[in-house]
Amino acid sequence: MIRIKNKKVVGIVLGVISAMGLVGFYFGQTSSSSMDTVSWHSPFLNGKKLSGEEAANLLRKSTVSISTRFEEDDLFSNDDGGGVGSGAIVQETGKHFLVATNAHVVSLFDIFNSDITGDVDIVNYELKVDGFTPDAVYVHKYLKDIAFIKISKSSGNYKILNKRYDFKNESGKLQGKSVFAMGNPLGQDMSFTKGVVSRLSETNSKMGLPTKLVQTDAAINFGNSGGPLINEYGELIGINSLKYTKAEGISFAITIDEFDNALKNG
């Protein structure tokens, strides 16, 4: 079990949001237990392809940097830990923006690989989005690598990625198509890369649930996790999540409809 003690962040509470099927870490004094209802899917673009420069401009306004820091309370060691990641602005909810990211970016364990059964005491846990403390963080209750962060609109002048690729009638249409990624690899803010879709695949979460993935050869490195992957029409395809480290050019994004389903059904 992970226990968080001596928080620097005010008012952190762990709970379950039954309507969303997500576990929530609530920050600050104004957090609520439900999201405003918004339309997740938007109409497609008018067919105009984006140049690399246009895609970079779009993503630069829609991508955030996420950082975490914590200390492990241990009698023999009190080392600092944490990391960096990315997020994508995907919705506007009242006075907030909603950021899609990976659970492993905001959590204290690796969703796919780490043993989370041992006792760990964490002190002074901090999470920042572009340097600001978020109002709420929601993590998928079944340990899919899916999370959402609620940030105040005063945090920045962001552009919402409100166009979605429709996976309902996919049938191999994505394979070979150009895609663009942006994120915070190794602490390098707003790093932009380009590739193609290699294939669609699946993996299993910690609890064995299938998770749909887009495989791409676009360069995605540590710190890119949680950042957006869009196609050449500016439609959001997925959230960058995994890299196969034993080979070159094999990276994965969780499809955006997995995030859609998390919001609707858990």
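All of these numbers come straight from a predicted model, not from anything done at the bench.

### Considerations on the overall build of the protein
(1) Moving on: What the protein contains, in helices and strands, is three helices and 15 strands.
(2) Moving on: Each of the 266 residues in the protein was classed as buried or not, and the buried ones make up 48%.
(3) Moving on: Considering only residue pairs separated by 6 or more positions, the protein has 66% of its internal contacts joining residues 24 or more positions apart.
(4) Moving on: For the protein, the exposed area adds up to about 12,400 Å²; of that, 50% sits on carbon and sulfur atoms.

### Things to note about the packing of aromatic side chains
(1) Moving on: A full pass over the atoms with the stated rule returns four aromatic pairs.
(2) Moving on: Geometrically, the ring pair formed by tyrosine 165 and phenylalanine 167 is edge-to-face, given 5.0 Å between the ring centres and 80° between the ring planes. The residues tyrosine 165 and phenylalanine 167 share a single accessibility class, namely buried.

### A short note on the pairing of strand E8 (residues 136-140)
(1) Moving on: Counting buried residues in E8 gives five out of five residues, a clear majority hidden from the surface.
(2) Moving on: Here E8 shows no split at all, with Ala136, Tyr138 and His140 on one side and Val137 and Val139 on the other all buried.
(3) Moving on: Both E8 and strand E9 (residues 147-152) contribute to a ladder of four bridges, which runs antiparallel. Opposite valine 139, over in E9, you have alanine 147 as the bridge partner.

### Let's talk about the confidence of the model for the protein
(1) Moving on: Overall, the prediction assigns the protein a mean pLDDT of 75, with 69% of residues at 70 or greater.
(2) Moving on: Of all helices and strands in the protein, the one with the weakest mean pLDDT is strand E2 (residues 13-17) (31), whereas strand E13 (residues 228-231) scores best (96).
(3) Moving on: Scored below 50 in pLDDT, residues 25-45 shows 68 contacts in the model against residues more than four places distant or in partner chains.
(4) Moving on: Contacts from residues 110-119, a stretch scored under 50 in pLDDT, to residues over four places away or in other chains number 24 contacts.

### Considerations on the nonpolar core
(1) Moving on: In this structure, Phe148, Leu161, Phe167, Ile230, Ile237 and Phe259 are the most contacted members of the largest nonpolar core, which totals 34 residues.
(2) Moving on: Beyond its immediate stretch of four places on either side in the chain, phenylalanine 167 contacts Leu174, Leu200, Val214, Ile237, Thr255, Ile256 and Asp257.
(3) Moving on: Counting residues in each nonpolar core, the second largest holds 19 residues, with Val64, Ile66, Val99 and Leu127 among its members.

Criteria and cut-off values
- Residues numbered from 1 in each chain as written.
- Predicted model: local features only at pLDDT ≥ 70, side-chain atom pairs only at ≥ 80, totals over all residues.
- Heavy atoms only, no water.
- Helix = DSSP H or I, 4+ residues; strand = E, 2+ residues; numbered from the N terminus.
- Buried < 20%, exposed > 50% of the residue type's maximum accessible area, 1.4 Å probe, protein only.
- Contact = heavy atoms within 4.5 Å.
- Areas by Shrake-Rupley, 256 points an atom, 1.4 Å probe, with all protein chains shown as cover.
- Phe/Tyr/Trp six-rings, centres within 6.5 Å; stacked < 30°, edge-to-face > 60°.
- Pairing = 2+ DSSP bridges.
- pLDDT = per-residue confidence, 0-100.
- Core = buried A, V, L, I, M, F, W, Y, C linked by side-chain atoms within 4.5 Å.

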